[in-house]
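Summary of the model geometry
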Amino acid sequence: MTARAKVPPRGPGRAGHTAGSVAARHALLRWSVLAAAVTVWQLAARAHGSVYFPPPVEIARHAVDLWFSGPVRHVFLTEEAVGNILPSLGRMAAGFCVAAVAGIALGIAIGRSRRVYALCDPVLQFARAVPPPALVPVFVVILDFGTPMQIASIVLSAVWPVLINTAEGARHTDPLRIEVAAVLRLTPLERLRFLILPSALPRIFAGLRLSLSLSLILMVFSELLPGTANGIGFTLTDAQSRSDLLTVWAALVLLGALGHLLNTGLLAVEKRLVGRGRTTTG
Amino acid sequence: MRARQEQVVLGALGVLLAVGACEAVSRAGLVRRSHLPPASEVLARAVELAGDSVFLDGIAATLRAWALGLALAVAIAVPVGLVLGSVPVVDAAARAIVEFLRPLPSVALIPLVSLLLGSGTETKVALVTYASIWPILFNTVYGLGETDPLAKDTLRAFGFGRLAVLLRVELPGTAPFIAAGIRISAAIALILAVATEILSGFGEGLGIFIAQAGLATDGTRDVLAGVVWAGALGLVINGALVWGERRLFPWTPGRREVG
């Protein structure tokens, strides 16, 4: 959270408020505003009756019918959910993991040498500047439609932010510490574990956050293309072609929730790792 | 100065190596030639496209949607960000809605917006605007939190009102952050413009050129030439914005971007 400059006190009794009660009031305000917004949307949609903007209650009901009304032994997931949400998640996980591992490994390899970094920098800058969706048609030609093409699209789009950030981070390891490591005769592996990785970690995570949202974008984009057989993106285009607005909205809500969950998860991991990394290295 | 020279030479060498590797892989027949044409042919085609007026019109169409969308995003995000950043109650109230809207991958909106607005320029501009708003908005709010409290207090002590403080201290102090936000949004805007074009499949634009070339037999050379153009556009835009930032805000070096 950002430290924000305090506004001058207003109104009586402000001194009595602790930080906790202010936070609680803000949380209450936040949720009531959200509830109010949804209610207004609900009422407006009901009154207006537009096909394009269905009321949120209907969207929620439709989402439950579509995905979460299955048998208990399938954890309430319907066939629709198993057939479309799980493949999407699988492809995204595979693409993001490959991009993260490859990005961190290559980034460290490149960042460790000033020469290698200078050699690779312009090529990397160009690779990053290409808008990722422009690459997808290339993979469609090479790999045809299907999961390999989609995973390749995700990897080749998400790898650059991690790679470039990791290389930057590895490059800026404190030279004094490297000398100390040389004096202590740390093996290269130990140097990597105790020196380079911890100091590069905050930048690595900044890269991972960008890569995660790119993975989600490319997952959806690669499934929106004609010729896809399943996935959340497929559900979207399929519903679009049938002008099934309820399903379009339900898929959007699902993707928003998914994006929120993934971000929160990555932030939690970052807090643990970066926090611990700082304490062990001082 | 010598280190800088070495850097440039090595960088150029790296580019040559990368191009050479692509060329060699293709010429040696490791992959089908229709899948990966030699780099020299792709680059030659990219240069040839520079003289193709239909292609240039497409680039112009993409850039128009990009610029219009980005301008609208600035016009919306900066004032909203200033309000959110200077009135904590509004910030707390709006945060819930913002936190629900932001994680939605903006390309997922393409089907909905296409249904609403058709597949013309409006769709592109609307999507570009939506996606570009977030980085500018968050950077504005963040930058406002970083302005010098002493300067604000001084101005207040002299009896300046809230608006005067905003215009004289907070806005100038936040400007570098806003500029950094615009730079991030510029890249996102290009992604959205190209993505929308690729999916809509007709009309004019760089994405449409790439999508149609992808459907043609042996169109990979054209697809890759289009990708080279897309990358070059991205580089030029980013370079111009970085240069502009350095000229306008020389006193604040380093990284200023958030989330």
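Residues numbered from 1 in each chain as written. Chains lettered and ligands numbered in written order. Predicted model: local features only at pLDDT ≥ 70, side-chain atom pairs only at ≥ 80, totals over all residues. Heavy atoms only, no water.

Attention shifts here to the packing of aromatic side chains. On inspection of all chains with the given rule, the structure shows eight aromatic pairs over all chains. Ring geometry for phenylalanine 55 of chain B and phenylalanine 209 of chain B: centres 4.8 Å apart, planes at 70 degrees, overall edge-to-face. Here phenylalanine 55 of chain B, found in helix H3 (residues 53-86), pairs with phenylalanine 209 of chain B, found in helix H9 (residues 206-215); they are 154 residues apart in sequence, far enough to count as distant. Across the pair, phenylalanine 209 of chain B and phenylalanine 55 of chain B agree in class, each one buried. Where tyrosine 130 of chain B meets tryptophan 134 of chain B, the ring centres are 5.7 Å apart and the plane angle is 85 degrees; that geometry is what we call edge-to-face. On the criterion of helical spacing, the pair formed by tyrosine 130 of chain B and tryptophan 134 of chain B is a turn pair, its members being four residues apart in helix H6 (residues 121-145). In textbook terms, an aromatic cluster arises when at least three aromatic residues are bridged by ring pairs, as seen for Trp41, Phe53 and Trp249 of chain A. Here arginine 193 of chain A stacks its cationic end above the ring of phenylalanine 194 of chain A, 4.9 Å away from the centre of that ring. Over the ring of phenylalanine 138 of chain B we find arginine 102 of chain B, and its NZ or CZ is 4.2 Å from the ring centre. (Phe/Tyr/Trp six-rings, centres within 6.5 Å; stacked < 30°, edge-to-face > 60°. Helix = DSSP H or I, 4+ residues; strand = E, 2+ residues; numbered from the N terminus. Buried < 20%, exposed > 50% of the residue type's maximum accessible area, 1.4 Å probe, protein only. Lys NZ or Arg CZ within 6 Å of the ring centre and 35° of its normal.)

Turning our eyes to something else, we now look at helix H7 (residues 149-157) of chain B. Near the N-terminus of H7 of chain B, the side chain that reaches the backbone nitrogen of leucine 150 of chain B, with its oxygen 3.1 Å away, is that of aspartate 148 of chain B. Directly after H7 of chain B, the chain includes glycine 159 of chain B, whose backbone phi takes a positive value near 90 degrees. (Polar contact = N/O pair within 3.5 Å; in protein donor to acceptor, adjacent residues only side chain to side chain.)

All names here are of chain A. As for its placement among the helices and strands, aspartate 238 is situated in helix H9 (residues 232-241). Residue classification places aspartate 238 among the partly exposed residues on the basis of a relative accessible area of 27%. Separated by 12 residues in the primary sequence, aspartate 238 and proline 226 have C-alpha atoms spaced 9.5 Å apart. Reaching out from aspartate 238, the side chain makes a polar contact with the side chain of arginine 242 at a distance of 3.0 Å.

Bringing the confidence of the model for chain B into the picture now. Residues and elements named next belong to chain B. In this model, chain B carries a mean pLDDT of 87, and residues with pLDDT of at least 70 account for 97%. Within chain B, the lowest mean pLDDT, 81, falls on helix H4 (residues 88-101), and the highest, 94, falls on H3. Interface predicted TM-score (ipTM) for the complex: 0.86; the corresponding pTM is 0.86. (pLDDT = per-residue confidence, 0-100.)

The next thing to look at is the interface of chain B and chain A. The interface of chain B with chain A comprises 59 residues on the first partner and 56 residues on the second. Contact between chain B and chain A buries roughly 5100 Å² in total, counting both sides, with carbon and sulfur atoms accounting for 78%. Among the residues chain B hides against chain A, the three largest losses belong to Leu112, Leu115 and Ile191 of chain B. Together they make up 11% of the total. Our count for the contact surface shared by chain B and chain A stands at two salt bridges. Put simply, glutamate 6 of chain B and arginine 115 of chain A hold a salt bridge, and the shortest N to O gap is 3.3 Å. Put simply, chain B and chain A have two residue pairs in polar contact (both at pLDDT 80 or more) between them. (Contact = heavy atoms within 4.5 Å. Buried area = accessible area lost by both parts, 1.4 Å probe. Salt bridge = Lys/Arg side-chain N within 4 Å of Asp/Glu carboxyl O.)

Time to look at the environment of isoleucine 59 of chain B. Residues and elements named next belong to chain B. With respect to the helices and strands, isoleucine 59 occurs in helix H3. Placed 146 residues apart in sequence, isoleucine 59 and glycine 205 show a C-alpha to C-alpha distance of 5.5 Å. In this view, isoleucine 59 contacts Leu206, Trp229 and Leu233; residues no more than four positions away in its chain are not counted.

All told, the structure shown has 16 salt bridges over all chains when counted by the stated rule. The partner of arginine 91 of chain A in a salt bridge is glutamate 223 of chain A, with the nearest N and O atoms 2.8 Å apart. Residue arginine 91 of chain A is located in helix H3 (residues 79-111), and its partner glutamate 223 of chain A is located in helix H8 (residues 188-224); the two are separated by 132 residues in the primary sequence. According to the relative accessible area criterion, arginine 91 of chain A is buried, its value standing at 5%. A relative accessible area of 0% means that glutamate 223 of chain A is categorised as buried. With its nearest N and O atoms 2.9 Å apart, the salt bridge here joins glutamate 23 of chain B to arginine 27 of chain B. Here the residue glutamate 23 of chain B and the residue arginine 27 of chain B both occupy positions in helix H1 (residues 2-27), the gap between them amounting to four residues, near one helical turn. Owing to a relative accessible area of 17%, glutamate 23 of chain B belongs among the buried residues under this scheme. Residues participating in the shared-partner salt-bridge network are Arg114 and Arg115 of chain A together with Glu6 of chain B.

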